[in-house]
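An overview of the molecular structure
Chain residues, written in single-letter form:
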Amino acid sequence: MVDRRTVLKGGIAFGSLGLASTVLGQNSTLAVHEFDGGAYPGSNDLGYWAGAGSFANGDGSGAVADGALRLEYDNAGWFASNVTEDVSEYQYLTLRVRGDAGGEESQFRLKVGGVDDLLADLTDDGIGTSYSTVSVDLEAVGADLSSPQAVRMNFWEGSSGAIDIDRIAFSTNPDGGGGGTTTPPTDDPTPTDTPDDGTDTPDDGTDTPTDSGPGWDVPFPDRPPEPDALPAASEITESTTVADLSEHFDDPYYVPRDFLDYLPGETGSKNQEWTDSQKAEEFGYDVSAVEENVGDGSLTLGDLGTQALPYVKQLAENDFPAHATVKLLPRLALLPDEEEDPGVHDDPSTVWDETGGPTAATNDPDQLIQNRWPTDARTYQPMEVQVRDRAHDQPQYDDSREWGSSGNLPDSVYNNPDNPVLDAATDKVHPATGESLGGDGFTANAPMEAEVRIHETSGAYLNQYIKLKNTSKVPYFQDAAVIWWLGPSGNASNLSDGHWNNPHRPSASLGHPQRDVIEVNHPDYDDLSVYAVRLANHDEPYHMRTIYPNQSVAMEIGTPVSADNWSTSEERQDLVDTMLDSLHVELETNLDRNDDLLDAVDLTYRVPN
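A brief structural summary. (Residues numbered from 1 in each chain as written. Predicted model: local features only at pLDDT ≥ 70, side-chain atom pairs only at ≥ 80, totals over all residues. Heavy atoms only, no water.)

Some points on the overall build of the protein chain
- The helix and strand tally for the protein chain stands at 15 helices and 25 strands.
- The buried share of the protein chain, reckoned over its 609 residues, is 59%.
- Relative to all contacts within the protein chain whose residues are 6 or more apart in sequence, the contacts with residues 24 or more apart total 80%. (Helix = DSSP H or I, 4+ residues; strand = E, 2+ residues; numbered from the N terminus. Buried < 20%, exposed > 50% of the residue type's maximum accessible area, 1.4 Å probe, protein only. Contact = heavy atoms within 4.5 Å.)

Things to note about helix α9 (residues 322-332)
- With respect to burial, α9 is a largely interior element, 11 of its 11 residues being buried.
- Those residues of α9 that fall on the buried side of the exposure criterion are Ala 322, His 323, Ala 324, Thr 325, Val 326, Lys 327, Leu 328, Leu 329, Pro 330, Arg 331 and Leu 332.
- Looking at the buried positions of α9, the neighbouring elements they touch are α4 (242-245), α5 (255-260), α6 (276-283), α8 (308-317) and β22 (546-547).

With respect to the pattern of salt bridges
- In the structure shown here, the tally under the stated rule is 27 salt bridges.
- The salt bridge involving Asp 166 is made with Arg 96; its shortest N-O contact spans 3.3 Å. With Asp 166 in strand β11 (residues 160-171) and Arg 96 in strand β6 (residues 92-99), this pair connects stretches of sequence that are 70 residues apart.
- Using a relative accessible area of 33% as the deciding quantity, one classes Arg 96 as partly exposed. (Salt bridge = Lys/Arg side-chain N within 4 Å of Asp/Glu carboxyl O.)

Focus: the pairing of strand β21 (residues 528-537)
- Among the 10 residues in β21, 10 count as buried, and that is most of the element.
- On β21, burial covers both faces: Leu 528, Val 530, Ala 532, Arg 534 and Ala 536 on one face and Ser 529, Tyr 531, Val 533, Leu 535 and Asn 537 on the other are all buried.
- Pairing geometry for strand β18 (residues 482-488) and β21, over seven bridges, is antiparallel. Its bridge partner lying in β21, Leu 486 is registered against Val 530.
- Relative to β21, strand β20 (residues 513-521) runs antiparallel, the two sharing nine bridges. Bridge pairing in β21 places Val 517 opposite Val 533.
- Here β20 folds back onto β21, and the loop between the two strands holds six residues, one of which, Asp 527, carries a positive phi near 65°. (Pairing = 2+ DSSP bridges.)

Here it is in structure tokens:
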């Protein structure tokens, strides 16, 4: 993390950078937002996509009035404005801003050009109760100005308040004044970034334009050639390099980016019981060797400490693909031997004593090897992002389906007795094929274990908690997985209250999925519905979207229903057993996004988390 407070401001600093004549002699400004027109939300003054969510005003996206954007927050809220052009001629990002109380610079994070920190740690300027300019010296904090991707603000720092912003700009002057110039983007203004909200509560992914940009069917790159096999386990040693494992480690798989963008200690550790920095020290992970050698593939497994080598040998013994192995190395190197608790998103007030499981999948599935893992995206070019974020971006680019987005589903979805997901949960049949799922209780298409719990966050609110453990020898790519079960009915309201907990990422804010989710009332069971969810990850690399061997993840669905409906221990035990017995998990295979299930059960409702 850059300590912005160690960076000098003023004439001496400018002179040392050779910028004194430019700054003192003239001011050049590129306005990102003036908030004096009708473009926001939807786009910024440069013609790129811009939006926000989870704020307490303006239907979640803030409200523009009198030439300023007002953002009211209560430990929630994200703002993102894409900037995918070269802004290296500008040294500063400037915000003309005021706060309701003052001091709000310590209450939200700013992310731009790969730099992500509290605003207070990126500037010496403070936010007052009247308008003033807060500037961030982008060169000093090490931002990538060749394509900063987006200006983002995340407000999940435990504070409540409000700010008004009447100007966001790149400038050669820290005051950000002078006549601004706004230049349209040279490329199509189709959004090229997906907002990263800093929590498990992202945007709904459906508000961006669909009338331009490339088509949905993105071909998988021809490289690498088949077979994509690791060396024999006996040949893999501490001296084995990343390039030895896969010659295509950088093209098209971008492994250096996956290491360097998320080095231990450079990313926050929100909600992580055991941080990456602590793991790196425990396992002997050589950060300097990674920085120096991963770019050309000469980084060795020995440089990664005690964990990477045995895991890679295990994957080689089980015919796991080489391209996926090198993509996962940044997390394999920090993966403990013991199972980590996936944790909870919100601390419950009460946890029921009654639980379902843990139990193994009753259909005894064969080990699943997902042979082709998609490429990552080094840039935010639409073609690359669409491959990486195939499930998340599907509503944006796929016009073959009618997509909805709402925390409260329409009655036509909730009360649809013909939805095959009902029989899928109760009769254990596949909703797309009608074939038996092969077991009488919890089923899955890969070896795993499931456990069901109920948490109360108040007397009138239940949280369905489903924990899944990978019991095989190989990792599972979780993106586009579909999960369904029979649980307490929430009357199709507040489905946005759901979270996916995966402890194997630097922070709970990274690698998070959105969800395509529906609830269907079951006419044969009082107070019970079938829930179906498809995970839709975005932005972060695959090593944060993975269920690792002997490790667990968990899904939560908040349900506005009173615990009094299950007042006795017998009734509660019957509920969690029913949830477990009806549960099915279908991991994606063949990069098909599980589209057959999506269509069969009409799982086309993107719900913001």
